[in-house]
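Chains, contacts and geometry: an overview
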Amino acid sequence: MLVKPFVAFLVLVGTGIAASAGAEEASMLLYQVQEPGLEPYASRVIVTRQYLRMDDGGGEGDFVLFDRAKRNIFSVNHDDRTVFAIPARPVEIDPPMALERRAENIPANGGMPEVAGQKPKHHRLLVNGGECYNVVTVSGVLTDAVVALGEFREVLAGEHARILPHVPADMQLPCDLALNTFAPKWQLEYGLPIQEWDSSGKGQALLDFDPEFEAEESLFHLPGGYRHYGSGE
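Presented here is a report on the structure given in the accompanying data block. (Residues numbered from 1 in each chain as written. Predicted model: local features only at pLDDT ≥ 70, side-chain atom pairs only at ≥ 80, totals over all residues. Heavy atoms only, no water.)

1. Points about unusual backbone geometry
Unlike most non-glycine residues, arginine 81 shows phi in positive territory, near 55°. Structurally, the position occupied by arginine 81 is in the loop between β5 (72-77) and β6 (82-87). We classify arginine 81 as partly exposed; its relative accessible area is 44%. Despite not being glycine, alanine 116 shows a phi value in the positive range, around 50°. (Helix = DSSP H or I, 4+ residues; strand = E, 2+ residues; numbered from the N terminus. Buried < 20%, exposed > 50% of the residue type's maximum accessible area, 1.4 Å probe, protein only.)

Structure below.
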């Protein structure tokens, strides 16, 4: 059963939020995230040739920094004054069950506006015959950001594979295994996601983007004096 999209997406279409002062050339995506039982919240993605940063839209809160060259993810928690590192690891295990993936193209809602001159396309992703995920995308828009998001998800997939042997069998779900471990770039194969959601209604919608965002160089620095630790420790 198709889950109804949770927000009217693209309230702003590429108008750009106020650019930060600085010299780092970047692209910026601003999403609104919704999870059942929580108030919607902002998630900003800033992409440069070297880094991908995820935060709440400001420069002072907790954030995730991905070094694209070294393929390391760093999660910064200011309250604990910690930096949690996830290194790149290959996925060297086989899926614990068969994962038959299939995608269906669904006629997009006629009210969806074009994004950067591209018409959105709706894809329903199915695993083992069951609906897994819905993603509405546009192709040819912010392609480097899409690549960076794929790189980021590949590193997360390696971490998921590392802990999978410790996950009880009854908690290993086909959709989760496919999207997060064994096909982590699946929803990105069709272009830039402008709206995506799972069967529980959790997902996000693109509110704004800026392909010429001027990001402060300090946004890509890890704070000094914090305790560093890594996955597996």
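Okay, back to it.
2. Overview of the packing of helix α1 (residues 143-163) against helix α2 (residues 174-182)
With their axes 7 Å apart at the nearest point, α1 and α2 run at an angle of 120° to one another. The pairing of α1 with α2 is recorded here as oblique in orientation. Two secondary-structure elements touch here, α1 through Arg153, Ala157, His160 and Ala161 and α2 through Leu179, Asn180 and Thr181. In the contact of α1 with α2, the residues fall into three nonpolar, three polar and one charged. (Axes fitted to C-alpha atoms, helices over the stretch in contact; angles between N-to-C directions. Parallel < 35°, antiparallel > 145°, perpendicular 65-115°, else oblique. Contact = heavy atoms within 4.5 Å. Nonpolar A, V, L, I, M, F, W, Y, C, P; charged D, E, K, R; others polar.)

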